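Listed below are the residues making up each chain.
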Amino acid sequence: MCLAIPALIKSIEDKEAEAEIGGITRRISLWLTPEARVGDYVLVHTGYAINILDQQEAEETLTLLRQIAELAEEKG
Amino acid sequence: MRFISEFRRSELAEGLISQIHRQSKTPARFMEFCGGHTVTIFRYGIRQVLPKTIDMVSGPGCPICVTANADLDKAIALSQIPEVIIATFGDMLKVPGSCSSLQEAKADGANVHTVYSTMDALKIAEDNPDKSVVFLGIGFETTAPTIAASILEAEEKGLRNYYVLSLHKLCPPVIRALLDSGEVRLDGLICPGHVSAIIGSRPWEFIARDYGIPCVVSGFEPLDILQSVDMLVNQVENGKSEVEIAYRRGVRPEGNQQALKLMEQVFEPCPAQWRGMGEVQGSGLKLRKEYRHFDAELAFDITPCPTHEPVGCICGDVLRGVKTPADCQLFGKACTPQYPVGPCMVSSEGSCSAYYLYGGGLEG
Amino acid sequence: MEGVLKDKILLAHGSGGKLAHELIEKSFVKALANPFLAKLDDSAVFDFSGRLAFTTDSYVVSPIFFPGGDIGKLAVCGTVNDLAMSGARPLYLSLSFIIEEGLPQSELNQIVDSVQKAVQEAGVEIITGDTKVVHKGSADKLFINTAGVGIIAEGVNISGSNARVGDKVILSGTIGDHGIAVISQREGLSFSTQLESDCAPLGDLVAEMLAASPNIHCLRDPTRGGLATSLNELAKQSKVSIRIEEEKIPVREEVLAACEMLGFDPLYVANEGKLVAIVTSEDANKILRAMRKNRYGKEAAIIGEVKAEHPGRVVMKTCLGASRIVDMLVGDLLPRIC
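Residues numbered from 1 in each chain as written. Chains lettered and ligands numbered in written order. Predicted model: local features only at pLDDT ≥ 70, side-chain atom pairs only at ≥ 80, totals over all residues.

Caption draft 1: Summary view of the nonpolar core. Core analysis: the largest hydrophobic core is formed by 254 residues, its most contacted members being A:V42, A:V44, B:I86, C:A277 and C:I287. Leaving out residues up to four positions away in the same chain, A:V42 has contacts with A:A7, A:I9, A:A19, A:T33, A:A36, A:A49, A:N51, A:I52 and A:L53. (Core = buried A, V, L, I, M, F, W, Y, C linked by C-beta atoms within 7 Å. Buried ≥ 20, exposed ≤ 12 C-beta atoms within 10 Å, placed from the backbone. Contact = placed C-beta atoms within 7 Å.)

Have a look at this one:
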């Protein structure tokens, strides 16, 4: 359940924001993430930002996955 | 698309698949609770790339599938009231109730709008002051806070024609009920990622602690699922049972405090009917006293048609992971996505739908 | 503009009387000027010899204006493309309007203007037509019905049942543009770059493909139901299986993003200016090169091949290297939360 996708906040007006993903934008609600700022990536579910995406954690996860891939190559 | 495309890269998938194959020695059954995870697993063919030691089973995490017929019948009855506009997520439209569906009611003249968001429903209410807009509140803890926010916004704006039929459900109580039933033996649980974005990872700790079952909170891209399976295999092979977060970019252990606050402000837990599981204590949400004037069940005189379950449908068993869609006599014959008998076939993330659409047993 | 043209279409405009004649002459005949229409006979009369392709379609799209086109352009291109998919050179169209009373005259003019531009680009003529006006609520602003005829040259034999094991599957360009452009109006999505409907006439593209090689077995334009539905139709008709690769299918980033947001699969989203061709593997590259020279085939790609296992089915290799079935669309595409 729970289709939520990462979108970039471009502008904020009161409790709403313009969020962009892959070249499309939509007005979303920040009622659940009032601390979100322009430049943050948020997870958008049914038009609401449900969490701020932790970009550092995303990079660390990808680094980990790359290490696993390299290890797998070594093991043949 | 940032933070999506990177988690679909095939070269990184190969590494994970290879590691899973190397590590997995003990036969293990893992359940993905969440319907969204079921869709990813079937859409990318993940079951095919896993070793034979791992058996995957789908759980009841499809809020559409677990909505009881009696509740859907209430929604359909509401749609038939002349001044009511039903605003609903598209998922619910084709689900068959005891004697009709919202789609059929719409064809018969009922005013049913599919919406992407409660924001759209609020707008419909603002634009139609002489009508009553009833929002069908389906979904788990990911969605409930958005409905809570819509109620608070309606209150702020002084909207008197916005109502909610609260059919929301909570996940941890039903997982406990499922495990207590002893029907399904599990060696690992892939926990729902976006529910956890709201409630955090701590509510799953009872599963590891009281039932000894390893848990990993997973994201929704194919690499996320593979990484979570890898982490579960690791726990199994090392005799551990803990709650780990694989979806670290989306989930914090404490969850989203603001969302939880709004949810608790507007709703309180209550017993709820789950298809296939009967009544589960504390697994539903109802509007608190202060917000009862938004409650569609209290505001309208609802006379649904008599409830009955479709004959031969074993959706309940499939939802509990006790049977697979292939075990059902109706699967693919009397019950297809075009002519569904039960919700597991019509919901885009129901197990039966996934099996049918993506070819459950297809080999490479 | 000469004459007194009211600013809204009224029931009287469809009744056959003076207002109706004025509408037909000023709005239609003048804009779509050709010798057939100028005659204003009850039927158009023309000679032909050879095999004819004949098609009919109705257009009920809502909204009637969308990014990249309108119902008029859609009607012409859709009909022309149906003829082209049989390997025919499209020649003549009929055009019938069912107008809901109250439609602003300016909107009708804009649509007729689109029709005229599309007809000119496609190299066809509208040789007969009809106009009816119905009560408010009986039509959603405007419905258009068309029929079309085209000529099939000697030796051209294209049919959905002609696919053979070993053939290659070519897609002429990106999928999902039209469906997303239309639904974006409803779902409050806006595009920071120009995502428009891909609505286009493909008669010339098909002619150029046939000039490159006669070994084209099947052609289909993946409109409602998307690429997945068309491929399933071909697989069933030819009693073969079609195997495609996810990574080879061209999709615009905006389309992917909109699909992610709304919970759609691009394989099922409508296209109005694309075709899928099943051709012999020997001539696939030659045909591909010819397609890429045409403005509507620039992003053409070989996306799969025809196999014998699992006849009647479409199987897709996912980015993980695993396979899954791609079924036909069931019912409507609905935005979902799950």
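Caption draft 2: Highlighting the pairing of strand β3 (residues 24-29) of chain A. Residues and elements named next belong to chain A. When you tally the buried positions in β3, you get 5 out of 6 residues, the bulk of the element. Pairing of strand β2 (residues 16-21) with β3, which is carried by 6 bridges, proceeds in the antiparallel orientation. When the sheet's bridge partners are listed, E18 is paired in β3 with R27. (Helix = DSSP H or I, 4+ residues; strand = E, 2+ residues; numbered from the N terminus. Pairing = 2+ DSSP bridges.)

Caption draft 3: Up close: the sheet that holds strand β4 (residues 111-114) of chain B. All names here are of chain B. Taking strand neighbours across the sheet as the criterion, the 4 strands line up as β4-β3-β5-β6 in an open arrangement whose pairing is parallel. Two strands bound the open sheet, and with one partner strand each, they are β4 and β6 (162-166). If you compare each strand with its neighbour and ignore which way they point, the axes differ by 25° on average. Alignment of strand β3 (residues 84-88) against β4, held across 4 bridges, turns out to be parallel. Note on β4: the bridge partner recorded for A87 is H113. Those strands touched by helix α6 (residues 118-127) are β3, β4, β5 (132-137) and β6, and its axis lies near 165° from that of β5. (Axes fitted to C-alpha atoms, helices over the stretch in contact; angles between N-to-C directions.)

Caption draft 4: Structural view of the interface of chain B and chain A. Each side of the interface is counted separately: chain B has 44 residues, and chain A has 32 residues. Going through the elements one at a time, α1 (10-23), α2 (35-43), α6, α7 (144-157), α9 (193-199), α11 (222-237) and α12 (257-266) of chain B are the ones with two or more residues in the side of chain B that touches chain A. The biggest single contributor to the side of chain B that touches chain A is α1(B), with 7 residues. Classifying every residue of the side of chain B that touches chain A gives 20 nonpolar, 17 polar and 7 charged. (Nonpolar A, V, L, I, M, F, W, Y, C, P; charged D, E, K, R; others polar.)

Caption draft 5: Main features of the interface of chain B and chain C. The partner chain C presents 23 residues to the 36 residues of chain B that form the contact. At the level of elements, α1, α2, α3 (46-49) and α16 (351-358) of chain B are the ones that each hand at least two residues to the side of chain B that touches chain C. If you tally residues by element for the side of chain B that touches chain C, the top one is α2(B), at 4 residues. Broken down by class, the residue content of the side of chain B that touches chain C amounts to 18 nonpolar, 13 polar and 5 charged.

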